[in-house]
Amino acid sequence: MALTYPPELHYTVTHEYVALSGDVAVVGITAFAVEELGDITYVELPVVGRTFSRGERLGTIESVKAVSDLYAPVSGVVTAVHEELVDAPERIASDPYGEGWLVKMQLTKPEELQELLTAADYQAQVGD
Amino acid sequence: MRYSPLWECYQNEAKLTEFAGWMLPAQFAGLTLEHESVRQRVGLFDISHMGQIELHSAAVWEHLNHLVPTDLRQLAAGQARYTVLLNATGGILDDLIVYAHDQERATLIVNAACMEKNVAWLRQHLPSDVVVAPVQQALLALQGSQATAILQALTTDTLATIPRFGHCTIHTPWGQVWVARTGYTGEDGWEIQAAPAIGQALWRAWRDQGVTPCGLVARDMLRLEAGLHLYGQDMDETVTPLEAGLGWLVDWNKGDFLGRAALLAQKRQGVARKLVGLMGTGRRIFRPGYPVQAQGQTVGRITSGTLSLSLGRPIALAYVETPWTLPGTPLTVQVRDQELPVTVVKRTFYTRPQ
């Protein structure tokens, strides 16, 4: 099963991705994270309006196998959360980079994007 | 790392995991499909990692009877019993199924992680005339309401008359295999012991027929829904059958057995904690070690938990202090920063439709 890592996205070592749309970051988890977690059973997302620093705990994702924290890949203010996933968290797995998005954040430190991994670096990191 | 004799049949189609020193399939097509296949139709498991021990002795039943709390002397050829091996303090060394072949021969199927410990224990505690022989054959489990029909299609030997926990040798197109109407899923089904080549042939034949292969993740949910214990999680050497909800295994009238005095003392005194079933709401899974609370005090710990696909709710097993173990008792489970409500229920969360 080949996992994909779209080249236009930014990645973290904790397996989040950032899809940039203007100065809004769409945050989700990577195909590798989805594969590692297995059947996702629960997502806990932050409230809209809250400010997070890069690396702060943004939420929780649980699967039958494990509990995993979601970390803010960049600093910013939460502008939207994907509420529909709370009742249907399994949808993250079918389209992690699209319908499986978790949180949108208004960037407060856009320069942090430079510190995230490219798709190639992330792929090398996860050894896939 | 050890590999099953069936390894080459599925190594390219399974997500793998390490378990008790073995590399085993965690998952094939996915938990939901595998679970549904077993509950609705049939599923196929490789359980070759489980420990297989044969005992031979003219007095095998008399001797083995001393190491378990269950009376095995009533076991006729072709019958089997679920029981536990106890140490002198009544602690559970392992849980196992004992199969009677005849007056002089028994097969024990034990947990993979306990195999070496059990062999050493049996050699140490059985008289030297009892031969304790580890066996390494392929073991498959075919589980679900269609299992009997699928197995029957391979043999002219009659299976329908074999009761639950019954077993026999049957003839298949590839040779003789030993089959038992036992399992770890809460469904009707069979466990099959076969020479490696025959085991592979059976696996491939059933796969070609479209039987769903299932991994350890599905197996764990199926057993938990059925209220079946997992050794090492729901019980170990520090708990007795009375605490583990396995008091029904103890035959107080069978005469002495290892651990009996300790169990009797505990019975007279009353157990301080018991294994209970817990059912919650929502989607969070209660995981091993999570505290169980009553009135703000910790009164227990989770040992196994999952989000049951059969019930659509979180279910768990937990050791809880006895005053809080009556069915219907409201408790809470501490899930990280949240305290979530649960109710004490019977451990058989799922019972198959009759």
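### Observations concerning the nonpolar core
Here comes step 1: Leu140, Leu142, Ile192, Leu278 and Ala318 of chain B are the most contacted members of the largest nonpolar core, which has 93 residues in total.
Here comes step 2: Each residue touching alanine 318 of chain B, except ones within four places of it in the same chain, is listed here: Val276, Leu278, Val292, Gly300, Arg301, Ile302 and Thr303 of chain B.
Here comes step 3: In this structure, Leu58, Ile61, Ala72 and Val103 of chain A belong to the second largest nonpolar core, which totals 32 residues.

### Brief notes about the sheet that holds strand S14 (residues 212–214) of chain B
Residues and elements named next belong to chain B.
Here comes step 1: Overall, mixed pairing links the six strands, which are arranged S11-S12-S13-S10-S4-S14 in an open sheet. Where the open sheet ends on each side, the last strands, each with one partner, are strand S11 (167–172) and S14. Averaged over all neighbouring strand pairs, the angle between strand axes comes to 30°, with direction disregarded.
Here comes step 2: Two elements, strand S4 (residues 43–46) and S14, share three bridges in a ladder whose sense is parallel. Bridge assignment links leucine 44 to a residue of S14, and that residue is proline 213.
Here comes step 3: The strands touched by helix H2 (residues 31–40) within the sheet are S4, strand S10 (138–143) and S14, with S14 carrying the most contacts at an inclination of about 110°.

### Structural notes on the sheet that holds strand S3 (residues 24–29) of chain A
Residue and element names in this part refer to chain A.
Here comes step 1: Across the sheet, which stays open at both edges, the six strands sit in the order S1-S2-S3-S9-S8-S5 with antiparallel pairing between neighbours. In this open sheet, the two edge strands, each paired with only one partner strand, are strand S1 (10–11) and strand S5 (51–52).
Here comes step 2: Strand direction decides the pairing type here: strand S2 (residues 16–21) and S3, joined by six bridges, are antiparallel. Residue pairing for S3: tyrosine 17 is matched across the bridge by glycine 28.

### Thoughts on the interface of chain B and chain A
Here comes step 1: The interface is formed by ten residues belonging to chain B together with eight residues belonging to chain A.
Here comes step 2: Those elements that place two or more of their residues in the side of chain B that touches chain A are H2 and strand S17 (297–307) of chain B.
Here comes step 3: Looking at side-chain class alone, the side of chain B that touches chain A contains four nonpolar, three polar and three charged residues.

So, how was this worked out
Residues numbered from 1 in each chain as written. Chains lettered and ligands numbered in written order. Predicted model: local features only at pLDDT ≥ 70, side-chain atom pairs only at ≥ 80, totals over all residues. Core = buried A, V, L, I, M, F, W, Y, C linked by C-beta atoms within 7 Å. Buried ≥ 20, exposed ≤ 12 C-beta atoms within 10 Å, placed from the backbone. Contact = placed C-beta atoms within 7 Å. Pairing = 2+ DSSP bridges. Helix = DSSP H or I, 4+ residues; strand = E, 2+ residues; numbered from the N terminus. Axes fitted to C-alpha atoms, helices over the stretch in contact; angles between N-to-C directions. Nonpolar A, V, L, I, M, F, W, Y, C, P; charged D, E, K, R; others polar.

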